[in-house]
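Analysis of the macromolecular model
Below are the chains, spelled out letter by letter.
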Amino acid sequence: MTDLDRAHALLTDRLDTTDEIRAAFAAHPRHQYVPDVIWPGAVGAALDRADDPDGWAASVYADDYVTTQTDDGAAGPVNIPTSSSSAPQLMADMLRAAEIEPGMRVVEIGTGTGWNAAILASLVGPTGSVTSVEIDPDVAAHARGRLTGTDVEVVTGTAPGGSEVFDALIATCAVRRVPLAWVELVGRDARLVVPWAPYPEGGPTPVVALRRTGPATAVGPLVRDASFMRDRRQRGARQRFPGTGEEATEQTVFPEGSRDLLRNDRLTRLVLTCPELYIAVGGRPWAGGAAPVVALGEGDDWTHIWPNGSATGNGTRALTAFTKAYTMWEEAGWPGLNSLTLEVDARSGAHTLRSCLGMWKHPVQAHASPTGRTALPTQRRTGS
Ligand SMILES: C[S@@+](CC[C@H](N)C(=O)[O-])C[C@H]1O[C@@H](n2cnc3c(N)ncnc32)[C@H](O)[C@@H]1O
């Protein structure tokens, strides 16, 4: 039988973070928050702790996210995660980006298991407060039970209610547009740490560390890559694969294979700086295989980039635009995600990215979803 307390101590030791954040993790063993039933894979059955305690412990202490609810509480052929315990290092990085200090009043959007809220409560200490909001009543009830004995207030819904102004907001679900209501929840100059993905569901959702700058505005750098589930109010269609089932008439070679693009966050930088393209990633949904394919679409023009770098499609428009962005990053030596700063005007909905390489506006409806099969979840694990 796995020694859970030891596994938790090892997890805490492995975190690359501050002493304060490590101590807060140490105070809250993950196994006290993760429910007994989890979904270890993108497909396949749920795992019940009672049936397989060691398998359950292995998932809980694998340094990764743990899916704790699928399909909004239903069961489907594919385990689409709708609640989870985020990956520990991702949580630590977001807590650090939020600059949480003792005495702060913090609001979390997305309570999930309650683990992050408990850690937040330790960080703000007895003079601070944590309010955590969860849209799913069953998930909120579970978290409330696990948070007994802490000072965290769990609110079922999408907003804390009342008129409290918070010192920081951490969202653990991704938005296409940062809601005005979130900006208005925090004081001037306060941090909002938010996973952001200005395109249909399924792609990367990098985390941005915004600071409120005005009544409806916030600005800040991207701090790391991630792959969060979406805010349930901002769900769109799931990613579709441009060109699925169609014959390729063009074949060429791209400088990198799809696996390499995914491995080093390059795809995230490319997706964000090609707002005119429809970019999807996934296993080969039409062939049932696991190799990740990057699919580009612009109107009817599409290209698939394969693991070995071969690029097949029916035209050159999408690939030309993607290659232009790739060359721009390559020539600049691939500056990190944090070279990109997001400017949000939550009233108009304008989201603008800037870096020394250029400026990219992300319109609310950048492009229509192409026809094609829905993308399968990817093998990309960046930890929501
Ligand atoms: C990645 S999980 C949360 C992880 C959590 N912080 C933890 O420590 O376990 C995201 C959660 O956000 C919730 N959620 C999605 N949209 C929401 C919204 N608009 N308001 C509040 N919660 C939301 C989901 O139900 C899900 O439980």
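Let us look at the structure shown here. Model, not experiment: these values are computed from the prediction.

The next point concerns the pairing of strand β19 (residues 358-361). Both strand β18 (residues 350-355) and β19 contribute to a ladder of four bridges, which runs antiparallel. Bridge pairing in β19 links Leu 353 to Trp 360. The antiparallel pairing of β18 with β19 creates a hairpin that spans two residues between the two strands.

The subject of this paragraph is the pairing of strand β10 (residues 207-212). Both faces of the sheet carry side chains from a regular strand, because those side chains alternate between them. Most of β10 is tucked away, with five of its six residues classed as buried. Summarising the sheet, β10 and strand β11 (residues 217-224) pair through four bridges and their orientation is antiparallel. Each bridged residue has a counterpart across the sheet, and for Arg 211 the counterpart in β11 is Val 219. Between the end of β10 and the start of β11, which pair antiparallel, lie four residues.

A few words on the packing of helix α4 (residues 88-97) against helix α5 (residues 115-124). Viewed as axis vectors pointing N to C, α4 and α5 meet at an angle of 40°, and their least axial separation amounts to 11 Å. When the axis of α4 is compared with that of α5, the two are oblique. As α4 packs across α5, the resulting crossing turns out to be right-handed. Facing Pro 88, Met 91 and Leu 95 of α4, the residues of α5 in contact are Trp 115, Asn 116, Ile 119, Leu 120 and Leu 123. Counted by class, the contact of α4 with α5 contains seven nonpolar, one polar and no charged residues.

Before going further, it helps to examine the pattern of salt bridges. Two side chains with opposite charge may pair up if their charged atoms get near one another. Summed over the entire model, instances satisfying the criterion amount to 16 salt bridges. Here Arg 211 and Glu 99 are joined by a salt bridge, their closest N and O atoms 3.1 Å apart. Linking Arg 211 in strand β10 with Glu 99 in the loop between α4 and β5 (105-109), this pair joins segments that are 112 residues apart in sequence. Look at Arg 211 and you get partly exposed, because its relative accessible area is 28%. Between Glu 256 and Arg 266 there is a salt bridge, with its nearest N and O atoms 2.2 Å apart. Here Glu 256 is found in the loop between β12 (250-253) and α8 (258-263), whereas its partner Arg 266 is found in helix α9 (residues 266-272), with 10 residues between them in sequence. Glu 256 sits in the buried class, given a relative accessible area of 10%. Through salt bridges with shared partners, one network takes in Asp 72, Asp 136, Arg 232 and Arg 235.

What follows is about the side chain of Asp 136. Along the chain, Asp 136 falls in the loop between β6 (129-134) and α6 (137-146). Within polar-contact distance, the side chain of Asp 136 engages the backbone nitrogen of Val 139 at 3.1 Å. If sequence neighbours within four positions are ignored, Asp 136 has contacts with Gln 69, Asp 72 and Arg 232.

To continue, consider a negative patch on the surface. Taken together, the side chains of Asp 48, Asp 51, Asp 52 and Asp 54 make up a negatively charged region of the molecular surface. With respect to the secondary-structure elements, Asp 48 resides in strand β2 (residues 47-48).

On to the site of the ligand. For the ligand, the set of nearby residues contains 27 residues, the closest of which are Ser 83, Gly 110, Thr 113, Glu 134 and Asp 231. At 3.2 Å, a backbone N or O of Ser 84 approaches an oxygen atom of the ligand. With respect to the ligand, the backbone of Arg 232 contributes an N or O atom lying 3.0 Å from a nitrogen atom. Those elements that provide at least two residues to the shell around the ligand are β4 (81-85), β5, α5 and β6. Tallying contributions element by element places β4 first for the shell around the ligand, with four residues. Considered class by class, the residues forming the shell around the ligand number seven nonpolar, 15 polar and five charged.

What follows concerns the packing of aromatic side chains. Using the criterion set out here, one finds five aromatic pairs in the structure. Both rings, one in Trp 329 and one in Trp 334, keep their centres 5.9 Å apart while their planes meet at 10°; by these two values the pair is stacked. Residue classification places Trp 329 among the buried residues on the basis of a relative accessible area of 0%. The class of Trp 334 is buried, set by a relative accessible area of 10%. What links up through ring pairs into an aromatic cluster is the set Phe 254, Phe 322, Tyr 326, Trp 329 and Trp 334. Over the ring of Trp 329 we find Arg 269; its NZ or CZ atom is 5.8 Å from the centre of that ring.

Parameters and conventions
Residues numbered from 1 in each chain as written. Predicted model: local features only at pLDDT ≥ 70, side-chain atom pairs only at ≥ 80, totals over all residues. Heavy atoms only, no water. Pairing = 2+ DSSP bridges. Helix = DSSP H or I, 4+ residues; strand = E, 2+ residues; numbered from the N terminus. Buried < 20%, exposed > 50% of the residue type's maximum accessible area, 1.4 Å probe, protein only. Axes fitted to C-alpha atoms, helices over the stretch in contact; angles between N-to-C directions. Parallel < 35°, antiparallel > 145°, perpendicular 65-115°, else oblique. Left-handed = near helix turned anticlockwise from the far one by under 90°. Contact = heavy atoms within 4.5 Å. Nonpolar A, V, L, I, M, F, W, Y, C, P; charged D, E, K, R; others polar. Salt bridge = Lys/Arg side-chain N within 4 Å of Asp/Glu carboxyl O. Polar contact = N/O pair within 3.5 Å; in protein donor to acceptor, adjacent residues only side chain to side chain. Patch = residues over 30% accessible without salt bridge, like charges linked within 9 Å, V, L, I, M, F, W, Y side chains within 5 Å. Areas by Shrake-Rupley, 256 points an atom, 1.4 Å probe, with all protein chains shown as cover. Lys, Arg positive; Asp, Glu negative; His and termini not counted. Charge placed at Lys NZ, Arg CZ, Asp CG, Glu CD. Near = heavy atom within 4 Å. Phe/Tyr/Trp six-rings, centres within 6.5 Å; stacked < 30°, edge-to-face > 60°. Lys NZ or Arg CZ within 6 Å of the ring centre and 35° of its normal.

Function cannot be inferred from these measures alone, as they are strictly geometric.
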